[in-house]
Amino acid sequence: MSMEKENRPWMDPQKSAGERADLLLREMTLKEKTGQLNQRLYGFRIYDRKNDAVTLKDEFYKEVENCEGLGALYGLYRSDPWSERDYENGLCGETAIKLYNEIQKYVMEHSRLQIPVIMSSECPHGHQALDGYLLPVNLAAGATFHPEILQEGYLVCGRQLKSMGAHLALCSMLDMLRDPRWGRSEECYGEDPFLSGRMASAAITGLQEGGVQVVAKHFAAQGESTGGVNASAARIGEHELREIHLPAMQSAVKAGVRGVMAAYNEIDGIYCHANRKLLTEILRDEFDFDGIVMADALAIDQLDKMTGDGTVSAGLALRAGVDMGLLDEAYSHLEEAVEKGLITEDEIDQAVHRVLKLKFEAGIFEHPYVEEKAIPGFSYEEYPESLTLARESVILLKNREQVLPYTPDGRILVTGPNADDIYSQLGDYTPPVREKEGTTVYQGICGLYPEAEVLYAKGSDLTEISEEMIREAEEKAEKCEVSIVVLGSSSSRFTEADFDANGAARLSDHLYMDCGEGMDRSDLNIPEAQMRLFRAVRAKSKKVITIIIAGRPMIINEVEKESDALLLSFYPGPCGGQAIAEILRGIVNPSGRLPVSLPRANGQLPVYYNYKSSYQAMHYLDEKQSPLFSFGYGLDYTEYTYTGVKLEKKEITEEQLQKTGVELQFKVKNAGDREGFCVPQLYITDLQASVVRRVRELKGFTKIRLKPGEEKEAGIRIAFDELALYNCDMNKVVEPGMFRIVLMDQDRELWQGELKVTE
């Protein structure tokens, strides 16, 4: 089926994407329109591969026929235990490109108007495909406090996605870590909206410069779960929603994001997928977002709990502002929803226009195919961005008597369930990796301490231990000058995990994971099996260096007290073992800062630093009234001195604030003998407000590299958005009054002053 180009005015590249979408939309039937809004196929299930021969299944051909084309295809390249695709039966190399082109050709030939399909692919922390380039998880990226290097990392990911024909990167970046019991904590950049917004903007910029469009997820307030349970109700009001959960989305819009995925949860009784105020009035009308809203997997079908009818659910979601479904059955009933009067064809047109506009923007009409040549390799040696992120993400929490950096003076024991398991470093939503790809902590230590005898004992599993394992670790600890104990959690699905229909891990008796989607915990203590190992090794060791590799904050009181040095690394990616070993040896100076506060006890939750000033947080008679370590904390191997700290002006009008803002200026010097990064952070406290503000709010930060003895001038600018609040009428304003400005690093107050805002 074909049409001459002169009969397809929408193919005129001189017209805007919106104009071209208008022209194409006028020619479409209702069935063709609704076909563009469907994304029902599991892409990884539509083909069979035997050796290098790949064939498409009947379900693909039937769906193209049903939709008279195909709007979008999800997860063609996805590889993980849920998809059951690996190096034996999945797509990689030229085989992947050939199948992509075959799919695109068939869709266009069986679309009356020759509309190409758009390919969406998971990219939670790198491409979830065979040979996918992987980064540290978001929580680790947040710990870097360095958005520029995150942008560079995602630029590599974007280039890889583009080289494989993917058009949409589905990328976690909007969730806020407000309850660490939540298994998806690792997908958040942290507990703070300002930090998260900066990181989200960097990720979007990198991916889109790499050549793919971004679907940011999840919108909104998924991290404000009830009891830390995934997809549960966010029981918050509009002020909390706007102050904590919407800023990252606003940053994403400013960065040019072209898509957003709605969240599973409900907010104050209204599911996000049925929330017109959220998806249309706020997102589109207020934030000026003009891209597509995509559903999360099977989420529209879940509205049936409320409606009892899939067709009603489809109409409800479309009217709320969901343009495209994902794996659901509901959006295959959109024609029926129009016939029943649940929605109008004009409302269908609005959603289809957005999808077509996105396709024109992505250049798929001009370039629907990918050149069939060898896909460029994206090795970690050639692209060290993942290693750079890992190096800057590790947080030094304790260093008694400067035991680190460690110079060997005898044997070294490396023990613990996360010491020599590459998948314990990678996080959830991870593809299989090739043998010898990446570096574990044990491997990294062996490589960087060639003059030392390095002994290894696993010591324990994640949640189980045997007497034989303890005895081996004790015997080896007695022979060594230092024991390096690597504890924590795991989001590895490569251990016989079971899965729900949407790909989330499901609780079962044989799990070897305790973090990731579906793995919510009521207890944040390090599992008792690991603590038995730690106590046994501590009793037999001269020195103990503990490394926590985890996907969420954990309760580590005893470990912190009994360790000589303590490092925390949120899943640092395939290069994490090398990065940690370099820090132990002193080749790299740790520069990570906590993107989330660490609790002392389960009953102390929530412990986020930016609580409301209307109450005294963490005020219990049986526990200290602070986190074990607070947001922004992190040590290193050198010392920084700050001088000349001042606001360029102490009083500013609202108009001046809008135009130029005001800068906090300072000089910082590396007073130590090692090169490193300082991470000055600017916090504000509103002292005169019409609504309850927070005790402290991050509103600026920078990361400065300094050689020993080097001094630099720096500044952090405060503008309108940094001082604004949502007043009683929910208008965003800056109110006249006094603001306390504080400069901090390593949880130390470096300077404090006041800024007066006048009318």
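As a reminder, the structure under discussion sits directly above these lines.
My aim in this report is to walk through the structure given alongside it, one point at a time. Because the structure is predicted, anything quoted here is derived from the model rather than measured. Note that residues are indexed from 1 along each chain, following the sequence as it is written. Confidence filtering applies because this is a predicted model: local features only for residues at pLDDT of at least 70, side-chain atom pairs given and counted only at 80 or more, and all residues used for totals across whole chains, interfaces and linings. Only heavy atoms go into the side-chain values, all of them from the structure, while hydrogens and water stay out.

As for the nonpolar core
- Working definition of a nonpolar core: buried Ala, Val, Leu, Ile, Met, Phe, Trp, Tyr and Cys residues. They are joined through side-chain atoms within 4.5 Å. The classification of residues rests on relative accessible area computed with a 1.4 Å probe and restricted to protein chains. Under 20% of the type maximum is buried, over 50% is exposed, and intermediate values are partly exposed. With 133 residues, the main nonpolar core has Tyr154, Met173, Leu207, Phe219 and Met249 as its most contacted residues.
- We call two residues in contact when some of their heavy atoms are within 4.5 Å. Apart from the residues within four sequence positions on either side, Met249 is in contact with Leu174, Phe219, Val257, Val260, Leu283 and Phe287.
- Ala143, Tyr449, Leu584 and Val596 belong to the second-largest nonpolar core, a separate cluster that totals 66 residues.

Regarding helix α17 (residues 441-448)
- Buried residues of α17: Val441, Gly444 and Ile445, and no others. Down the axis of α17, the buried set is contained in an arc of 100 degrees. They therefore lie on one face.
- The helix count covers DSSP runs of H or I at least four residues long, the strand count covers runs of E at least two residues long, and both are numbered beginning at the N terminus. The elements touched by buried residues of α17 are β12 (412-415), β13 (454-457), β14 (482-488), β17 (544-550) and α21 (576-585). Along the arc lie the directions from the helix axis toward the C-beta atoms.

Structural notes on empty space enclosed by the protein
- As defined here, a cavity is a set of points on a 1 Å grid over the protein atoms alone where a 1.4 Å probe fits but cannot get out. A pocket is an open set with protein on both sides within 12 Å along at least five of seven lines, and residues line them when an atom is within 4 Å of a point. Grid points are joined across faces, edges and corners, and a volume is the space filled by probe spheres set on the points. Across all of its chains, the model carries four cavities of 30 Å³ or more by this definition.
- For the largest cavity, the lining is made up of 19 residues, of which Glu122, Lys217, Asp296, Tyr429 and Asn502 are closest to its centre.
- When residues are grouped by polarity, Ala, Val, Leu, Ile, Met, Phe, Trp, Tyr, Cys and Pro land in nonpolar, Asp, Glu, Lys and Arg in charged, and all others, Gly among them, in polar. Tallied by class, the residues present in the lining of the largest cavity amount to nine nonpolar, three polar and seven charged.
- Lining the second largest cavity are Leu177, Arg178, Pro180, Glu191, Pro553, Val596, Ser597, Pro606, Val607 and Tyr608.

Observations regarding the environment of Ala21
- Along the chain, Ala21 falls in helix α1 (residues 17-26).
- For Ala21, a relative accessible area of 0% gives the class buried.
- Taking the C-alpha atoms as reference points, Ala21 and His353, 332 residues apart in sequence, are found 5.7 Å from one another.

Description of the side chain of Asn138
- Relative to the assigned elements, Asn138 resides in helix α5 (residues 138-144).
- Residues in contact with Asn138, not counting those within four places in the same chain, are Pro124, Tyr154, Ser172, Met173, Glu186, Glu187, Cys188 and Tyr189.

Overview of the sheet that holds strand β6 (residues 213-219)
- The strand order across the open sheet formed by six strands is β3-β4-β5-β6-β7-β10, and the pairing between neighbours is parallel. Each end of this open sheet is capped by a strand with a single partner; those strands are β3 (72-74) and β10 (292-294). Neighbour-to-neighbour, the strand axes of this sheet turn through a mean angle of 30 degrees, independent of strand direction.
- At least two DSSP bridges between two strands are required for those strands to pair. In this structure, strand β7 (residues 259-262) lies alongside β10, joined through three bridges in parallel fashion. The residue bridging Gly259 from the neighbouring strand is Ile292, located in β10. Interaxial angle, 0 to 180 degrees, is taken between N-to-C directions of lines fitted to C-alpha atoms, where a helix line uses only the stretch in contact.

Quick notes on the sheet that holds β12
- Read across the open sheet, the six strands follow the order β11-β18-β17-β14-β12-β13; overall the sheet is mixed. The sheet terminates laterally at β11 (395-399) and β13, the two strands that pair on one side only. The average undirected angle you get between the axes of adjacent strands in this sheet is 15 degrees.
- As paired elements, β12 and β14 share four bridges and run parallel to each other. Paired with Ile412 across the strands is Val482, a residue of β14.
- Across the sheet, α17 is in contact with β12, β13, β14 and β17; its angle to β13 comes to roughly 170 degrees.
- Sheet contacts for helix α19 (residues 528-540): β12, β14 and β17; angle to β14, the most-contacted strand, approximately 170 degrees.

As for the packing of helix α6 (residues 147-163) against helix α7 (residues 193-209)
- With their axes 6 Å apart at the nearest point, α6 and α7 run at an angle of 35 degrees to one another. Helix-helix and strand crossings are classified by hand; for α6 and α7 the assignment is right-handed. In this structure, α6 contributes Pro147, Glu148, Leu150, Gln151, Tyr154, Leu155, Cys157, Gly158 and Leu161 to the contact, and α7 contributes Arg198, Met199, Ala202, Ala203, Thr205, Gly206, Leu207 and Glu209.
- Of the residues contributing to the contact of α6 with α7, the split by class is ten nonpolar, four polar and three charged. For a crossing to be left-handed, the near helix must be turned anticlockwise from the far one by less than a right angle; the clockwise case is right-handed.

Overview of unusual backbone geometry
- Here the bond from Leu404 into Pro405 is cis, since omega is -5 degrees, no more than 30 degrees from zero.
- Position of Pro405 relative to the elements: it lies in the loop between β11 and β12.
- Cis geometry marks the peptide bond from Leu605 to Pro606; its omega dihedral reads 0 degrees.
- Note that Pro606 resides in the loop between α21 and β19 (640-647).
- The phi torsion at Leu327 lies on the positive side, around 70 degrees, for a residue other than glycine.
- Relative to the helices and strands, Leu327 is located in the loop between α13 (310-320) and α14 (334-339).
- Judged by relative accessible area, Leu327 falls into the buried class, the value being 6%.

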